[in-house]
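Examining the three-dimensional arrangement
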Amino acid sequence: MRKVVFQNIDEKTKKLMLCQAEGGVYLFGYYSLQDSSADWDHFSYTMEDAMECCFEEYGVNREDWIIIEDQPKNCQQDFIIPTRIKGREDGNPAFGQLQQFIKGQWADYEIPAKCISFGGHTGDQRLLTTGLVFEYEKALIEDKEKAIKILTAVNFERPLIDQLLDKHNTNQHL
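What comes next concerns the included structure.

Criteria and cut-off values
Counting starts from 1 at the beginning of each chain's written sequence and moves along it residue by residue. Whole-chain, interface and lining totals are the exception, using all residues; otherwise, since this is a predicted model, local features are given only for residues with pLDDT of at least 70 and side-chain atom pairs are given and counted only at 80 or more. Think of the side-chain values as coming from all heavy atoms in the structure, minus any hydrogens and water. Think of a patch as exposed residues, more than 30% relative accessible area, with no salt bridge, where like charges cluster within 9 Å and nonpolar side chains (Val, Leu, Ile, Met, Phe, Trp, Tyr) cluster within 5 Å. For accessible areas, the Shrake-Rupley method is used with a probe of radius 1.4 Å. Any residue's cover is judged against the shown protein chains and nothing else. When a carboxyl oxygen of Asp or Glu is within 4 Å of a side-chain nitrogen of Lys or Arg, the pair counts as a salt bridge. His is not counted, nor are the chain ends; Lys and Arg add positive charge and Asp and Glu add negative charge. Charge coordinates come from a single atom per side chain, which is NZ of Lys, CZ of Arg, CG of Asp or CD of Glu. Every helix listed is a DSSP run of H or I at least four residues long, and every strand listed is a run of E at least two residues long, numbered separately from the N terminus. The rule for pairing is simple: two strands pair if DSSP sees at least two bridges between them. Axes here refer to lines fitted to C-alpha atoms; in helices the fit is confined to the stretch in contact. Angles between the N-to-C directions go from 0 to 180 degrees. Note on terminology: a nonpolar core comprises buried Ala, Val, Leu, Ile, Met, Phe, Trp, Tyr and Cys residues joined through side-chain atoms within 4.5 Å. The classification of residues rests on relative accessible area computed with a 1.4 Å probe and restricted to protein chains. Under 20% of the type maximum is buried, over 50% is exposed, and intermediate values are partly exposed. Note on definitions: a residue-residue contact is assigned when non-hydrogen atoms from the two residues lie within 4.5 Å. Side-chain rings of Phe, Tyr and Trp, where Trp is taken by its six-membered ring, are said to pair if the distance between their centres is within 6.5 Å; with planes under 30 degrees apart they count as stacked, over 60 as edge-to-face, and otherwise as tilted. Any Lys NZ or Arg CZ that is within 6 Å of a ring centre and within 35 degrees of that ring's normal is treated as a charge sitting over the ring.

**A closer look at a negative patch on the surface**
Taken together, Asp49, Glu52, Glu56 and Glu57 make up a surface patch of like negative charges. Secondary-structure assignment places glutamate 56 in helix α1 (residues 47-58).

This is how it looks when you write it as C-alpha cells:
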C-alpha cells in the first residue's frame, strides 16, 4: 500500500509518501511537487506508526492521505507513475537513466527542474507534474471522493472541482 499527501510540511518539504515495504513502511519526503525520487526518507515498522509520526511531526491527518497504486516489480517505490532504472529488469542497470511506463510502454524519462509551486500551471500540467494524472483518471470512474482529494491536492478550488465532476458525469450519460 502507498499513500501520498501534498502539503507544505516545513520550509522545504512539499509532499510526503508512505510506502509499505517488506519488514516495514518508508516515509519519503520531497522538496518539490513533481513526480521524482525522494529527497529524504525514514523507516517505521508499521503503517500505524508511520501515520502517527506524520500526524505528530508534520500535522498530516489520516483523511489527508491519497491512496495510490503500488509500483510494479523493479520500479522505484518513491515515484507515483511506474518508473524504473533503465536496464534493471534484465540485470544491467544504467543508474541515472530512468524510464516511465506511459500508455502501455516504457519511455525514457528525465526528471524536470524542481517545481515548488503550482503558480502558472494549468490543471492538466498540475496532474502531469505531480504524477497523479492516471490516479485521477481512474478515480473519475471508480471513486469520486478520491478524484476530489486529488484535485484539492493540486490546488483546484471547490467550484472548479464541482464543474469538472459535473462535466464528466454529463459526458458519461451522453
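Alright, that's what it looks like, and here's the rest.
**Considerations on the sheet that holds strand β8 (residues 105-109)**
Spatial strand order, β6-β7-β8: three strands in an open sheet with antiparallel pairing. In the strand order of this sheet, the two ends are held by β6 (83-85) and β8, each with one partner. Each adjacent strand pair in this sheet contributes to an overall mean axis angle of 35 degrees, direction not counted. With three bridges joining them, β6 and strand β7 (residues 98-102) adopt antiparallel strand pairing. Paired with isoleucine 85 across the strands is leucine 98, a residue of β7.

**Quick notes on the nonpolar core**
Core analysis: the largest hydrophobic core is formed by 27 residues, its most contacted members being Val4 and Leu132. Mapped onto this core, the elements with two or more residues apiece are β1 (2-6), β2 (15-21), β3 (24-30), β5 (66-68), α3 (133-142), α4 (144-153) and α5 (158-172). Broken down by element, the residue count for this core peaks at five residues, all from α4. Aside from chain neighbours lying at most four places away, what touches leucine 132 is Val4, Phe6, Ile68, Ile80, Leu127, Ile150 and Val154.

**Let's talk about the side chain of arginine 126**
Its location among the elements puts arginine 126 in helix α2 (residues 123-130). Summary of buried charges: arginine 126 has no salt-bridge partner, and the nearest side chain of opposite charge, glutamate 157, is 7.2 Å away.

**Notes on the packing of aromatic side chains**
Tallied over the entire structure, the rule returns five aromatic pairs. Between tryptophan 40 and tyrosine 58, the ring centres sit 6.1 Å apart and the planes meet at 40 degrees, which makes this aromatic pair tilted. Of the two residues, tryptophan 40 sits in strand β4 (residues 40-44) while tyrosine 58 sits in helix α1, which places them 18 residues apart along the sequence. When its relative accessible area of 17% is taken as the criterion, tryptophan 40 is described as buried. Residues phenylalanine 43 and tyrosine 45 carry aromatic rings whose centres are separated by 5.5 Å and whose planes lie at 85 degrees to one another, so their mutual orientation is edge-to-face. Chaining the aromatic ring pairs together yields one cluster made of Tyr26, Phe28, Phe43 and Tyr45. The cationic tip of lysine 15 hangs over the ring face of tyrosine 30; the distance from NZ or CZ to the ring centre is 4.3 Å. Lying over the aromatic face of tryptophan 106, arginine 84 brings its terminal NZ or CZ to 3.9 Å of the ring centre.

Any functional reading would require information that these geometric values do not contain.
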